[in-house]
Amino acid sequence: MHLPTVQFTTAQHEFRQQVRSFLQQHVADGTFRTKCDAWLSGSDPHFSKIIGEAGLIGLTWPTQYGGQGRSSLDRYILTEELLAIGAPVAAHWIADRQTGPLLLRFGTEAQKQYYLPRIAEGICYFAIGLSEPNSGSDLASVRTRAEKVDGGWLVNGAKTWTSNAHDAHYMITLVRTGPYDPQKKHENLSQLIVDLHAPGVTITPIRYLTGEHHFNDIFFDNVFIPDDQVVGELGNGWRQGLAELAFERSGPERILSTFPLLQQAIDELKKRGDVARLAEAVTLVADVWSLRNLSIGVSKVLEEGGDVDVTAALVKSVGTKFEQKVPEIVRLLLDVYPRLDADTPLDRLLAQAMLHAPGFTIRGGTSEILAGIIAKGVVAQ
């Protein structure tokens, strides 16, 4: 594994301060309240529109598609600040993180011109249609089928664990557009843009332990998809999907989902002057700093068009285990009473982190599957 060492420029440090001040002002104004795992659970279309109006969605995209044409490191800085303060960005998160880069690389010009500016405005949201019922972690066993008809495709099947699909307008959906061969199951897969409000689409909630609703089951019953909503090449869906997953697995959201809790705990220990327990908490800071450097390196390689499949899997696997460790250590260091409705930030953030943490090592690829990817990468070296 060879990752570049990245040093932020003076201009990038200034950009970070601008973003931080912008977000802190919105917290002070009561626009939102800090939350753990807000990139998944904090769906707030109003705030997404505020972010879009500020030019903070699609930051790296070309200006002709509504972007700012900035570097991937600028976007990394923006992402860190949004996660660190626990901003409610879930509504537009997937569209910004994955759909935009996917369409820029594989989409038609018409798709880019239609979808990207709307995403950048914070008014168009996408979900990811990958996992299926009864498939476990075997993503390539896709059974959702798209049959060719005049002018398009008829889709039948089901997807599961689709984050925020109930708020999304569209979904990039992996479907089988040819025969299924168990020996060649990565073949005949394609990606379609599915309108989630089209006739024949049914969305049902999968509720968290908290009672919150982020995940969904989606069922397709003869859903018609026009030909111009095919993404990239027919039959190339597996390779395109892997490129999309690299953006999903390596970002700082695989490190910072519980960071607001860590920050609050350290602030509390400083206020108490508890040097011994503060020293224990600081070991978590060392962990996050190391993981952050890995993640930044992956971001730089992605910007240069390099292959990061194995490295992204490593960052995701180690990062989500760290995220799960944060609430476990915090509850041992401080006397807290975790409750979702608590007025005390520390109590509320710990409750959120504890209840969300079991899913960290599942979403985006289970730790076992990622270990397999890493092992194969090591053997290939």
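As shown above, the structure is provided for reference.
Attention here is on the structure that accompanies the text. Note that the coordinates shown come from a computational prediction; the quantities given were computed from them, not determined experimentally. (Residues numbered from 1 in each chain as written. Predicted model: local features only at pLDDT ≥ 70, side-chain atom pairs only at ≥ 80, totals over all residues. Heavy atoms only, no water.)

1. Focus: the overall build of the protein
The cut-off we apply is this: Numbering of helices and strands runs from the N terminus, with a helix taken as a DSSP run of H or I at least four residues long and a strand as a DSSP run of E at least two residues long. It is over C-alpha atoms that the radius of gyration is taken, and the globule rule equals 2.2 Å times the number of residues to the power 0.38. For each residue, the accessible area found with a 1.4 Å probe, counting protein chains only, is set against the maximum for its type, and the residue is called buried under 20%, exposed over 50%, and partly exposed in between. Throughout, a contact is declared for two residues whenever any of their heavy atoms are within 4.5 Å. Surface accessibility follows the Shrake-Rupley procedure with a 1.4 Å probe radius. Residue values consider only the protein chains on display as shielding. Charge assignment: positive for Lys and Arg, negative for Asp and Glu; neither His nor the chain ends contribute. Note that the charge is assigned to NZ on lysines, CZ on arginines, CG on aspartates and CD on glutamates.
A count of helices and strands for the protein gives 12 helices and eight strands. Over its C-alpha atoms the protein spans a radius of gyration of 21 Å, differing by no more than 12% from the 21 Å that the globule rule assigns to 381 residues. Dimensions of the protein, computed from the C-alpha atoms along their principal axes, are close to 70 × 45 × 40 Å. Buried residues in the protein amount to 53% of all 381 residues. Here the analysis covers contacts within the protein between residues at least 6 apart in sequence; of these, 74% occur between residues at least 24 apart. For the protein, the exposed area adds up to about 16800 Å²; of that, 53% sits on carbon and sulfur atoms. Mean positive and mean negative side-chain charge positions of the protein (36 and 44 charges, respectively) differ by 3 Å.

2. What about helix α1 (residues 10–28)?
Counted only if it meets this: Expected span of a helix: the number of residues minus one, times 1.5 Å. Of all possible arcs, the one meant is that of the directions from the helix axis to the C-beta atoms.
Look at α1: 27 Å from first C-alpha to last across 19 residues, which is about the 27 Å you get at 1.5 Å a residue. Those residues of α1 lying buried are Gln12, Phe15, Arg16, Val19, Leu23 and His26. Buried residues along α1 cover an arc of 100 degrees about the axis, so they all sit on one side. In α1, the exposed positions angled more than 90 degrees off the buried face are occupied by Thr10, Gln18 and Ala28. Buried-residue contacts for α1 involve α3 (45–53), α4 (72–84) and α9 (275–303). Where α1 terminates, the next one or two residues include glycine 30, which has phi positive at roughly 80 degrees.

3. Comments concerning the pattern of salt bridges
As a reminder of what qualifies: Each reported salt bridge corresponds to a side-chain nitrogen of Lys or Arg within 4 Å of a carboxyl oxygen of Asp or Glu.
According to the stated counting rule, one finds 17 salt bridges in the structure shown. Its salt-bridge partner being arginine 272, residue glutamate 268 comes within 2.8 Å of it at the nearest N-O pair. With glutamate 268 and arginine 272 both in helix α8 (residues 259–272) and four residues apart, the pair spans about one turn of that helix. Counted as one network, the salt bridges with shared partners bring together Arg16, Arg20, Glu80, Glu81 and Arg292.

4. Quick notes on α8
Relative to the 20 Å expected for 14 residues at 1.5 Å per residue, α8 spans 20 Å between its end C-alpha atoms, a close match to the ideal helical length. Three or more residues of α8 are buried, namely Phe259, Pro260, Leu261, Leu262, Ala265, Ile266, Glu268 and Leu269. Summarising the contacts, the buried residues of α8 are in contact with α4, α9, α10 (309–333) and α11 (345–356). Where α8 ends, the next residue or the one after it, glycine 273, has phi of about 70 degrees, a positive value.

5. Some words on the packing of aromatic side chains
The test is simple: Pairing of aromatic rings covers Phe, Tyr and Trp, the last counted by its six-membered ring, and requires centre-to-centre distances within 6.5 Å; plane angles under 30 degrees mean stacked, over 60 mean edge-to-face, and any other angle means tilted. Charge-over-ring contacts are defined here by two conditions on Lys NZ or Arg CZ: a distance within 6 Å of the ring centre and an angle within 35 degrees of the ring normal.
One pass over the full model with this rule turns up seven aromatic pairs. When the ring centre of phenylalanine 15 is taken as reference, the NZ or CZ atom of arginine 70 above it lies at 4.1 Å. Its guanidinium or amino end placed over the ring of tyrosine 180, arginine 143 lies 4.2 Å from that ring's centre, counting from NZ or CZ.

6. Re the pairing of strand β4 (residues 170–176)
Spelled out, the test is: By the convention used here, strands pair only if DSSP detects at least 2 bridges between them.
Counting buried positions along β4 gives seven out of seven residues, so the element sits mostly inside the fold. Of the two faces of β4, both are covered, the one formed by Tyr170, Ile172, Leu174 and Arg176 as well as the one formed by Met171, Thr173 and Val175. Note that strand β1 (residues 126–129) and β4 share four bridges and pair parallel. Across the sheet, residue isoleucine 128 finds its bridge partner in β4, namely isoleucine 172. As paired strands, β4 and strand β5 (residues 189–195) are joined by seven bridges and run antiparallel to one another. Across the sheet, methionine 171 pairs through a bridge with valine 194, a residue of β5.

7. Describing the side chain of lysine 159
So the rule is basically this: Contacts described as polar in this section are N or O atom pairs within 3.5 Å, which, within protein, must combine one atom able to donate a hydrogen with one able to accept it, while residues neighboring in sequence count only if both atoms come from side chains.
Residue position: lysine 159 is located in strand β3 (residues 152–159). Overall, lysine 159 belongs to the buried group, its relative accessible area being 0%. At 2.7 Å, the side chain of lysine 159 forms a polar contact with the backbone oxygen of leucine 174.

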